[in-house]
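Chains, contacts and geometry: an overview
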Amino acid sequence: MATKSSFTIVGKAARRVEGIEKVTGQAKFTVDLTIPGMLEGKVARSPYPHALVESIDTTRAEKLPGVVAVLTRADVKDINPYFGHCLRDRPLIALDRVRYVGEPVAAVAAVDALTAQEALSLVEVKYKELPVMATFDDSLTPGAPILHPDIQGEGAYHELKKLQAEIQTNVCHHEHIEEGDVGTGFAESDRIFEDVFEFPMVYHYTMEPHAAIAKVDANGITVWSSCAHPFVVRAELALIFEQPLSKVQVLVPYVGGAYGGKSYTKIEPLVVALARKAGQPVRLEQSVPESMLTNRRHSARVWIKTGVKRDGTLVAREAKVLLDTGAYADNGPRVARRAATRIHGPYRIGNYNIDALAVYTNTCPAGSFRSIGGPQSIWALESHMDIMAEQLGIDPLEFRLKNLLKRGDIVKSGAKPMDADLLSDLKQVAVKLDWKGSAKRRTGSGVGLAVGVTDSEAVPVSTAIVRLLADGSVVLMSGSTEVGQGTRTVLCQIAAEELSVALEKVTMHSTDTNVTPFDRSTGASRSTTVMGTAVRAAAADLRAQLIEIGAEILKAKPEQIVLKDGEIIAGEYRIGYTKALHTYFGMPGGELIGRGYCRPGGGMSPIYPLFWETGLGGADVEVDVETGEIKLNRFVGLADVGKAINPPQCEGQDEGAAMMGIGHTLFESLIYDKGQPLNPNLVDYRVPSFRNLPAVFDTILVENQDGPGPHGAKGMGETGIVSPAPAIGNALARATGVRIRELPLTPERVWRALRDKSSK
Amino acid sequence: MLRRFRLEEPESVKEACELLARHGESARIYAGGTELLLAMKEGLIQYERLINVKKITGLDQVKLENGTIRIGALTPHRKLENDPVLKQKLPAFVRMEHHVANVRVREVGTLGGNLCFAEPHADPGTLLMVLGAKLVAERASSRREIPAERFFVDAYETCLEADELLTDIHVPALPERAGAAYLKFGYLERPSVGVGLFIAWDQDAAIAEARIAVGCAGPKPKRVEEAEGLLKGKSARDAASALAQAGEIAGRAADAIGDLHGSAEYKEHIVGVLLKRAFQQISEQRSSKSSR
Ligand SMILES: Cc1cc2nc3c(=O)[nH]c(=O)nc-3n(C[C@H](O)[C@H](O)[C@H](O)COP(=O)(O)OP(=O)(O)OC[C@H]3O[C@@H](n4cnc5c(N)ncnc54)[C@H](O)[C@@H]3O)c2cc1C
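These numbers were taken from a predicted model, which means no experiment stands behind them.

1. Some words on the interface of chain A and chain B
Tallying the contact residues gives 27 residues for chain A and 20 residues for chain B. Connecting chain A to chain B are six salt bridges. Notably, a salt bridge pairs Glu265(B) with Arg752(A), separated by 2.9 Å at the nearest N-O pair. If you look at where chain A meets chain B, you find eleven residue pairs in polar contact (both at pLDDT 80 or more). Of all the elements in the fold, those that place two or more residues in the side of chain A that touches chain B are helix 3 (113-120) and helix 18 (747-759) of chain A.

This is the structure:
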């Protein structure tokens, strides 16, 4: 596939293909579906962070009129009830013990939701409380009780070289990376800086909480779910219920936001088990408070130490990232891996020694969340960079420019060299921020910078099918989940461009694993790059077939054929796709099928990472020194996207990511007290709203057409979340002289820091 | 999730009060439902019967009568923030209403519901206290006026009897030489600290009357007479220099509670900041008025 220089559909502000359906309320989400005979499910959850389940009595609940089934541990003896794509450590319903507040202990299926809810209060559970490991400090205390003495082995999708669960401790994965010699590095350094940073637990807050409908019958298992990774869910259900993949059908209607909270498997095994027991389809629709106790981002403590030469040259780095992965591993091991690689940063630093540990605690399981491990590590790294610059008396911009990797520089051995122009990127952000002019600012106002660069987590395995139907319309079959990010529009644009048809001709339907070909997942900023490559390959396959057929019909050589606006053209002869198909099949029917694969070594480089995802940021803040409140005058984001297939969607993703980052920077924190969640609701847990938008919001898209995806695109949409915290923290420090090492930067924290500083 | 309940729809105040008297604790008034239904959905409270009072006519009007503004208890916030009479006579009240919750809550949530729920993190009660408002409660056969100061008993508790309906809120229009302000602060969904201030001047520009109330920080909004005393009789300049002390007193009087919104110490500090800013706001409005 040659690189193109002129486009008709790619690179344009194409309208959302599902836009009208959504804004008119016609789009169907999982909760909008009704399956004949469907019951409503409700879940009885553990009120204890850690306890033995001594007995469960469901007699009274079962007797309530309208109740069809009550599921408990007694009903999963004939299957393997454990799941987990990294570690199979999580039972679909509590077995001998509960490990967090909110863990499902029993589930009821009834004729309506109200009856199911009423039945929950009739389920009698006796618990015996166990010591609570509320934080990783508790879990790592020598002699602490072991939360998981009974892990059932590795899951199918951890994709780590080696899962390093430290048996007989509460460490579910320990990632270690090193290179060079830090001892010598520190010895050669003029100055050594050391800092500790804290990052809070945060919740994804998707407008649609988790929901699933399951049906189990002679055809096997059918699940409609608000999941982002249908093929992973299929694989895990097949394992649990001992079914071939062909007998597990996962369908994904529109998903109302995911952000990682709907990655991998969540509530599906429980709903399937309940439907299996009920003998009827069952729907489980969670509330926001329930979903807040289903998945979250890892809180973290990051210790970072750096050796520097007097002139600002970085020499050595040591770091340790402790991640609270909660009661079950979920994606914790992979998060630890990325937290380790991401704290290295995009700087020239040859000696490093980095550890990241995912640690079990008695809190809600933590998993994927937009840029796994990124915000935690980069909050620490980029704050640390400014602290060092200040101490060295070097301008933080100059300090970064001095150490940033140039295009082609080695980041670390074995990894893809830097594939972005970070120096010019950072300079662009600084200009927009008026970095030079900011020196003259009055106290209480200031600007701050942060460089976010992450090694993409994208696994390069996707399949796509493109079908040209008899009337010239096109069906694109791709397993990418439309979670609101706009992937359908982008993939349809890629297919339409390749096939030389109008965008309106291409339709992509929602995933049905019985018919839609395999895709690894929707996440890791991978769909445009990886699935886009598969889609483009499928369309190119179809295109080649059209050329061959056209050449035959028009009696021309394939090299003479041009495809344009749905027509096959050879010199002055031309024939529309429809007519060509009719001629080829000898009837007004038939269809052509193009297939496309993307796999390591096939259409995609096997070298990790697929691309370096960039999210640079600059913040201009105003601090109310009396209350400690931070106001954002401006936020500048920059993403190197290679090629923006749909520029407004790229801007939307980058600004959305930044806004989400502003959330954990200024407002969000899921608070636990001894294992009890204190604010699992949207009144006490504050997500930012429109009034918290920066007064000016700039997004710069860099397009060098140099990414591994179609037309030089590379992934984006995640890394924009990492810069706001350090950029705002750095701006706060420059505006007021106070440095805060713990998020969120609540008014009270800022006020206290200001007061402590002035009383010194 | 919402449990089953019976819905009553009385068409007069009398009928509503009779229903309340008949069903006692098992029934509850349902106005906008923005508090009630939320709490019921969460399973925090449960009632067998809800008495929807929105069918009663005439309780959602704002009228000016003999220098008193009469606000029907069922008037939604949205209507209050746009009301022409209030805009002219009580701009501070309009500003406060404009910042209550979000537009969806304001559209259906009523002033009466806000006051009767007595959720500590609420705005109107604090401002109404300094404006000298009276709350009118009716029973099937009687009616009484309650000064705003006496209405709130504790968090989620008012002095209303089980069979009383709040029907009206009477607010004296702002006197000629007077100003009022309400400022709030918070970073969660609901306010953490609120301060109401009313100042009236005499002919010599000395402060004839000062009323200060603090809300949100503690279990209920309250007046702080001790702090008011520091401002009374003072010129603007002297009052300004007494503000820091008044703020400290008001902060302590707030009975601030340490919770998710912040520590008690911080809330006390914020009371002082808001009092100072409220005073500035009133002073600025006064000087811009006199320069016109
Ligand atoms: C997300 C959110 C944010 C909010 N933020 C703010 C804020 O910033 N500031 C603020 O001040 N408030 C805030 N509120 C509260 C809001 O103002 C109230 O929810 C609303 O005004 C209540 O009115 P309602 O008509 O919906 O009351 P309802 O929910 O119908 O009733 C509340 C209670 O009052 C009783 N009641 C109602 N009317 C009467 C009556 N006439 N006589 C006797 N009893 C009665 C009911 O029985 C019930 O117990 C917020 C609420 C929400 C949900």
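Next comes the rest of the account.
2. Here's the deal with the site of the ligand
All names here are of chain B. Taken together, 29 residues sit near the ligand, with Ile29, Gly32, Thr34, His77 and Thr110 positioned nearest. Here an oxygen atom of the ligand and a backbone polar atom of Glu35 are 2.9 Å apart. Considered on its own, the ligand offers 970 Å² of accessible surface; in the complex 96% of this is hidden by protein. Contributions of two or more residues to the shell around the ligand are made by strand 2 (27-30), helix 7 (111-117) and strand 10 (165-172).

3. Considering the domain arrangement of chain A
Residue and element names in this part refer to chain A. With domains assigned, chain A is organised as domain 1 (3-27 + 458-604), domain 2 (33-132 + 204-292) and domain 3 (299-457 + 608-759). Each of domain 2 and domain 3 has a C-alpha centre, and the two are 36 Å apart. Listed by partner, the interface residues are 27 residues for domain 2 and 28 residues for domain 3. When the two sides are added together, the surface that domain 2 and domain 3 hide from each other amounts to roughly 2300 Å², 62% of it contributed by carbon and sulfur. Scanning the region where domain 2 abuts domain 3 turns up one salt bridge. With a shortest N-O distance of 3.0 Å, Asp330 and Lys266 are connected by a salt bridge.

4. Quick notes on helix 3 of chain A
Residues and elements named next belong to chain A. With six of eight residues buried, helix 3 is to be regarded as a mostly interior element. Within the span of helix 3, buried status applies to Ala113, Leu114, Thr115, Ala116, Ala119 and Leu120. Of the surrounding secondary structure, the elements contacted by the buried residues of helix 3 are strand 1 (39-45), helix 2 (59-63), strand 3 (67-71) and strand 7 (104-110).

5. Quick notes on the domain arrangement of chain B
Residues and elements named next belong to chain B. Assigned domains within chain B: domain 1 (6-52), domain 2 (62-172) and domain 3 (178-286). One C-alpha centre belongs to domain 2, the other to domain 3, and the line joining them spans 20 Å. Each partner contributes to the interface: domain 2 provides 23 residues, whereas domain 3 provides 29 residues. Across the domain 2 to domain 3 interface the summed buried area is about 1900 Å²; carbon plus sulfur atoms make up 57%. On the domain 2 side of the contact with domain 3, His121, Thr126 and Val130 bury the most area, a combined 35% of that side's loss.

6. Concerning the pattern of salt bridges
Within the structure shown, the criterion is met by 68 salt bridges over all chains. With a shortest N-O distance of 2.1 Å, Glu626(A) and Lys276(B) are connected by a salt bridge. Residue Glu626(A) is found in the loop between strand 30 (616-624) and strand 31 (629-640), and its partner Lys276(B) is found in helix 12 (residues 264-291); the two belong to separate chains. Assessed through its relative accessible area of 28%, Lys276(B) is described here as partly exposed. It is possible to trace a salt-bridge network through shared partners that takes in Glu159(A), Arg334(A), Arg337(A), Arg338(A), Arg342(A), Asp455(A), Glu457(A) and Arg520(A).

7. Overview of the sheet that holds strand 12 (residues 193-201) of chain B
All names here are of chain B. Judged by pairing direction, the sheet is antiparallel, and its four strands sit side by side in the order 11-12-13-14 without closing on themselves. Both edges of this open sheet fall to strand 11 (178-185) and strand 14 (222-223), since each of them pairs with a single strand only. Two strands pair when backbone bridges link them, and strand 11 and strand 12 are joined in this way by eight bridges, in the antiparallel orientation. Bridge pairing in strand 12 places Ala178 opposite Ala200.

Cut-offs applied
- Residues numbered from 1 in each chain as written.
- Chains lettered and ligands numbered in written order.
- Predicted model: local features only at pLDDT ≥ 70, side-chain atom pairs only at ≥ 80, totals over all residues.
- Heavy atoms only, no water.
- Contact = heavy atoms within 4.5 Å.
- Salt bridge = Lys/Arg side-chain N within 4 Å of Asp/Glu carboxyl O.
- Polar contact = N/O pair within 3.5 Å; in protein donor to acceptor, adjacent residues only side chain to side chain.
- Helix = DSSP H or I, 4+ residues; strand = E, 2+ residues; numbered from the N terminus.
- Near = heavy atom within 4 Å.
- Areas by Shrake-Rupley, 256 points an atom, 1.4 Å probe, with all protein chains shown as cover.
- Domains from an automatic or database assignment.
- Buried area = accessible area lost by both parts, 1.4 Å probe.
- Buried < 20%, exposed > 50% of the residue type's maximum accessible area, 1.4 Å probe, protein only.
- Pairing = 2+ DSSP bridges.

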